[in-house]
Amino acid sequence: MNADELDALYTALCRAMTSVGEAQAPILLARFALLAIVEIADADRLRQLIAAAAEDLPDASGRGHT
Amino acid sequence: MPYPFVPERFSAGLPPLRDGVDRVRHRVAIVGAGPVGYCVAIGLAVHGISSVLIEADDSVCAGSRAICISRRSLEILDRLGALPGFLATGLPWTGGRSFYRDREVLRFAMPNDANQRLPPMLNLAQYHIEQILLDRVRELADRIDLRWQTRLTALEPRADGVRARLATPLGDYALEADWVVAADGGRSTVRESLGLALAGTSYEGRYVIVDVAMPSDRPTERLAFFDPPCNPGSTVLVHKQPQDVWRIDYQLRRDEDAEAAVRPENVLPRVESLLAMIGETADWAPIWISLYRANALTLERYRHGRVLFAGDAAHLVPIFGVRGANSGIDDADNLAWKLAAVLHGHASERLLDTYSEERVAAAKENLGYGAKSTEFMAPPSFAFEWMRTAVLGLAVRHESVRSLINPPQTSPIAYTDSSLSRAAESSPEFETGPAPGSVLVEAPLGTPAPAARGTEAPAAYLTQVLGDHFTLLHFAPDGVLPADLAGIEAGMRACGIRWRTVVLGAGTDEAAAALRALYGAKHGASYLVRPDGHVLARWRRCAADDVRRALAGVLDRVALRIGDG
């Protein structure tokens, strides 16, 4: 995937989350993650990705200030 | 503390009047002596057209406004004869760094290969930009009638021109002109007079803009700090300007009161903690504080009868991505040669519709990039904010997401769908090189090289052969121009059209070979280039008749005596 495609998908996900609202957005992300898991279908790789997502998770001050 | 720049003040004047009306009917009146108005006036003068330039103020601007001039703008300014002042004053830069909290997460470089003559970006204050252009305007005083302290109060459009009502401290008068260029900025009086409004998106996120005086040897680069320890939850941008002036932009929190936020007692501690964080210990002083809110707005059309809109009067682009002044300079460059062609009687008014068509398309592209940058720099919803936090946090270890942090910097816009390019019947079989509608790709010329614009000396780089004319670049490996192409220049001159035919690619050195490869012209090819440096058409093999047909779609009022025509 090139940078433009990545950027377009990033924006599409942001818009999808915005449209369902803040309360529902985590559910949307969970569903998206599940669909991505079955699509990627590489168990070892997926365990690495789950670990990477949890790594260095910023504390809550990283959001909500702007 | 004042800026290290003292603007010269200019007095108002009144032209000779008859019944309260300027005795001279002007061909072009330009409203607004900012960067765009100056570039239109200089561009018209270069193309042989006189104008009157009206400015409400008594000096060049003050304060912190446009500060980054792109390579494309520098190429335009070069053709306008203003480049030396920019290069002498501005600070060139090629990239920057972004930080998340205390970690560097991105180092970016703008395109800057060995083929380039000019830096990708140059920083200088808008008062410098205006002063350098004003100096050029004064050299062209016989063609540009600049009137200070002259404020437009109303504009009456008419079938064959306009009547402008002007107010000065010496009294009011009216002025008639065949054409008006509205370069009077974001709060355009011309736009208001015609009952037009900009449409698009206004963003909630607010930034405080601060200029400070501070001596520092820090290099010129763009620094961005997301959620920095000195200002948690905020985004801070830092740019170096000439004369030890530093521009600092920081985002306000949603709950902050705008009026309080720009009070020095609230601004200075934030600047102090930023400077401490980046290790600047010298004494500093604030010069300027203002509030900014991003807009992504445009008019639907830039031509309304005899009124042509350019720059901020036509469109407001977010500051992130530096496309404001740069897109206005591009507007001026597109407009000047077309308006001159109409006034010289070479083209019908339809050519000015292509100004609107091409520059509205460019504005939409610029607004798209500007919106993207703004969505990252001032997230418009919780979702953009969450995702930005995800990108920044992951970027420390995962290079694959770093491109999402990189602000899409301004790049030359191609008029790919322009009716002028489509009508010009290029040959399709090019594997490389700038397509019709694109700007020329810069490259060193090697030897032998044609003369640079306005000199006898050989040009070092391709863009130096462009000027106030159409240019036919003919790649001839043997250095010989075919007889029928050789006749074009004289044929054009006979029609009063400024023209230059340039033979390229004849050298045996590396540069000549690289140039041929860059333009897909190993075995000869021709590029027809507009006065604004955009390719109008290109051919693998071209006859004079191809050139005549391509040009006839642009200059539709001249019987071109070349080729079979």
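Residues numbered from 1 in each chain as written. Chains lettered and ligands numbered in written order. Predicted model: local features only at pLDDT ≥ 70, side-chain atom pairs only at ≥ 80, totals over all residues. Heavy atoms only, no water.

Novice: How do you make sense of the overall build of chain B when you look at a structure like this?
Specialist: Each helix and strand counted, chain B has 15 helices and 25 strands in total. By its C-alpha atoms, chain B is 75 × 65 × 40 Å across when sized along the principal axes. By residue count, 61% of the 565 residues in chain B fall in the buried class. Taking as baseline every contact in chain B between residues at least 6 positions apart, the subset at least 24 positions apart corresponds to 72%. Summed over its atoms, the accessible surface of chain B is roughly 21,800 Å², and 50% of this surface lies on carbon and sulfur atoms. Within chain B, one finds 61 positive and 68 negative side-chain charges whose respective centroids are separated by 2 Å. (Helix = DSSP H or I, 4+ residues; strand = E, 2+ residues; numbered from the N terminus. Buried < 20%, exposed > 50% of the residue type's maximum accessible area, 1.4 Å probe, protein only. Contact = heavy atoms within 4.5 Å. Areas by Shrake-Rupley, 256 points an atom, 1.4 Å probe, with all protein chains shown as cover. Lys, Arg positive; Asp, Glu negative; His and termini not counted. Charge placed at Lys NZ, Arg CZ, Asp CG, Glu CD.)

Novice: It is not clear to me how the overall build of chain A should be interpreted in this structure. Could you clarify?
Specialist: A tally of helices and strands in chain A yields three helices and zero strands. A buried classification covers 17% of the 66 residues belonging to chain A. Taken as a whole, chain A presents about 4,800 Å² of accessible surface, with 60% of it coming from carbon and sulfur.

Novice: I would appreciate a short explanation of unusual backbone geometry in the present structure.
Specialist: The bulk of non-glycine residues show a negative phi, and the bulk of peptide bonds are trans. Residues and elements named next belong to chain B. Cis rather than trans, the peptide bond between Thr 447 and Pro 448 has omega equal to -5°. We note that Asp 19 has phi near 50°; this positive angle belongs to a residue other than glycine. Following the sequence through the fold, Asp 19 ends up in the loop between strand 1 (17-18) and strand 2 (21-22). On the basis of relative accessibility, which here comes to 78%, the residue Asp 19 falls in the exposed class.

Novice: When you look at the pattern of salt bridges in this model, what are you seeing that I'm missing?
Specialist: Working definition: two side chains of opposite charge can pair if their charged atoms are close together. Following the criterion strictly, the structure yields 44 salt bridges over all chains and no others. For the salt bridge of A:Glu55 with B:Arg397, the shortest nitrogen-to-oxygen distance reads 3.6 Å. Linking A:Glu55 in the segment after helix 3 (43-54) with B:Arg397 in the loop between helix 10 (382-395) and helix 11 (419-423), this pair reaches from one chain into another. With relative accessibility at 35%, the residue A:Glu55 sits in the partly exposed group. Residues joined in a network through salt bridges with shared partners are B:Arg25, B:Glu156, B:Arg158, B:Arg163, B:Arg165, B:Glu176 and B:Asp178. (Salt bridge = Lys/Arg side-chain N within 4 Å of Asp/Glu carboxyl O.)

Novice: Teacher, can you tell me more about helix 8 (residues 324-343) of chain B here?
Specialist: Since one α-helical turn is 3.6 residues long, residues separated by three or four positions face the same way. All names here are of chain B. Here helix 8 is 20 residues long and its end C-alpha atoms lie 28 Å apart, about the 28 Å a rise of 1.5 Å per residue gives. Counting buried positions along helix 8 yields 19 of 20 residues, so the element is predominantly enclosed. After helix 8 finishes, the residue Gly 345 shows a positive phi value of roughly 80°. (Expected span 1.5 Å × (residues − 1).)

Novice: Got a minute to help me understand the pairing of strand 13 (residues 171-182) of chain B in this structure?
Specialist: The side chains of a regular strand alternate between the sheet's two faces. Residue and element names in this part refer to chain B. Across the twelve residues that make up strand 13, a large majority, ten, are buried. Here strand 3 (residues 26-31) runs beside strand 13; their pairing, made up of five bridges, is parallel. Within strand 13, the position partnered with Val 31 by the bridge is Ala 182. Bridge count for strand 12 (residues 161-168) against strand 13 is seven bridges, and the pairing is antiparallel. The partner of Leu 166 across the bridge, within strand 13, is Tyr 173. In this structure, the hairpin formed by strand 12 and strand 13 is closed by a connection of two residues. Both strand 13 and strand 20 (residues 307-309) contribute to a ladder of three bridges, which runs parallel. What sits directly across from Val 180, in strand 20, is Val 307. (Pairing = 2+ DSSP bridges.)

Novice: Even after reading the chapter, I still don't get the nonpolar core, so can you show me in this structure?
Specialist: The nonpolar side chains of a soluble globular protein tend to be buried with one another. Residues and elements named next belong to chain B. The biggest cluster of nonpolar side chains holds 113 residues, and the ones touching the most others in it are Tyr 38, Phe 86 and Leu 339. The element that contributes the greatest number of residues to this core is helix 8, accounting for ten residues. Each of domain 1 (17-91 + 121-199 + 296-346) and domain 2 (419-552) accounts for three or more of the residues forming this core. By size, the runner-up hydrophobic cluster in this structure holds 42 residues, among which are Cys 68, Val 317, Met 387 and Leu 392. (Core = buried A, V, L, I, M, F, W, Y, C linked by side-chain atoms within 4.5 Å. Domains from an automatic or database assignment.)

Novice: I would appreciate a short explanation of a nonpolar patch on the surface in the present structure.
Specialist: Residues and elements named next belong to chain A. Taken together, the side chains of Leu 34, Leu 35, Ile 37, Val 38 and Ile 50 present a nonpolar region at the surface, about 500 Å² in accessible area. With four residues, helix 2 (residues 25-40) is the largest single contributor of residues to the nonpolar patch. When you line up the elements, Val 38 lands in helix 2. In this structure Val 38 comes out as exposed when scored by relative accessible area, which is 59%. (Patch = residues over 30% accessible without salt bridge, like charges linked within 9 Å, V, L, I, M, F, W, Y side chains within 5 Å.)

Novice: Can you walk me through the sheet that holds strand 22 (residues 470-475) of chain B in this structure?
Specialist: Note: strands within a sheet are paired through backbone hydrogen bonds, in either parallel or antiparallel orientation. Residue and element names in this part refer to chain B. One open sheet accounts for four strands, arranged 23-22-24-25; its pairing is mixed. Pairing within the sheet leaves two strands with one partner each, and these edge strands are strand 23 (499-504) and strand 25 (535-539). Going across the sheet, the axis of each strand differs from the next one's by a mean of 15°, ignoring polarity. Summarising the sheet, strand 22 and strand 24 (residues 525-529) pair through five bridges and their orientation is antiparallel. In the sheet register, Leu 472 faces strand 24, and the bridge partner there is Leu 528. Packed on one face of the sheet, helix 15 (residues 544-552) meets strand 22, strand 23, strand 24 and strand 25 and runs near 155° to strand 25. (Axes fitted to C-alpha atoms, helices over the stretch in contact; angles between N-to-C directions.)

Novice: Even after reading the chapter, I still don't get the interface of chain B and chain A, so can you show me in this structure?
Specialist: Many structure descriptions define interface size as the accessible area lost when the parts assemble. Across the boundary between the two partners, chain B contributes 29 residues, which contact 26 residues of chain A. Roughly 2,500 Å² of surface becomes buried between chain B and chain A when both sides are summed, with 61% attributable to carbon and sulfur atoms. In terms of surface lost to chain A, no three residues of chain B exceed B:Phe382, B:Trp386 and B:Met387, which account for 26% of the buried area on that side. Across the chain B-chain A interface, the total number found is four salt bridges. B:Lys372 is paired through a salt bridge with A:Asp7; the nearest N and O atoms lie 3.2 Å apart. (Buried area = accessible area lost by both parts, 1.4 Å probe.)

Novice: Before we go on, may I ask you to explain the domain arrangement of chain B in this structure?
Specialist: All names here are of chain B. Here chain B is described as being made up of domain 1 (17-91 + 121-199 + 296-346) and domain 2 (419-552). Inter-centroid distance (C-alpha atoms) of domain 1 to domain 2 is 30 Å. Counting residues at the interface gives twelve residues for domain 1, matched by 18 residues for domain 2. Regarding the contact of domain 1 and domain 2, the summed buried area is about 1,200 Å², with carbon and sulfur atoms giving 53% of it. When the area that domain 1 buries against domain 2 is broken down by residue, the three leading residues are Arg 79, Trp 337 and His 346, summing to 44%. Here domain 1 and domain 2 share one salt bridge between them. With a closest N to O distance of 3.4 Å, Asp 78 and Arg 453 form a salt bridge.

Novice: Which parts of the structure should I look at to understand the side chain of B:Gln464?
Specialist: Residue and element names in this part refer to chain B. Secondary-structure assignment places Gln 464 in the loop between helix 11 and strand 22. Looking at Gln 464, the relative accessible area reads 19%, which means it is buried. At 2.9 Å, the side chain of Gln 464 forms a polar contact with the backbone nitrogen of Tyr 461. Not counting chain neighbours up to four residues away, the residues in contact with Gln 464 comprise Arg 117, Ala 452, Arg 453 and Ala 459. (Polar contact = N/O pair within 3.5 Å; in protein donor to acceptor, adjacent residues only side chain to side chain.)

Novice: Help me understand helix 2 (residues 71-79) of chain B in this model?
Specialist: Residues and elements named next belong to chain B. For helix 2, the buried fraction is high: nine of the nine residues fall into the buried class. Restricting attention to buried positions, one finds in helix 2 the residues Arg 71, Arg 72, Ser 73, Leu 74, Glu 75, Ile 76, Leu 77, Asp 78 and Arg 79. Tucked into the core, helix 2 has its buried residues touching helix 1 (35-46), strand 5 (68-70), helix 3 (83-89), strand 9 (121-123), helix 4 (126-139) and helix 8. Of the residues trailing helix 2, Gly 81 is marked for its positive phi of about 80°.

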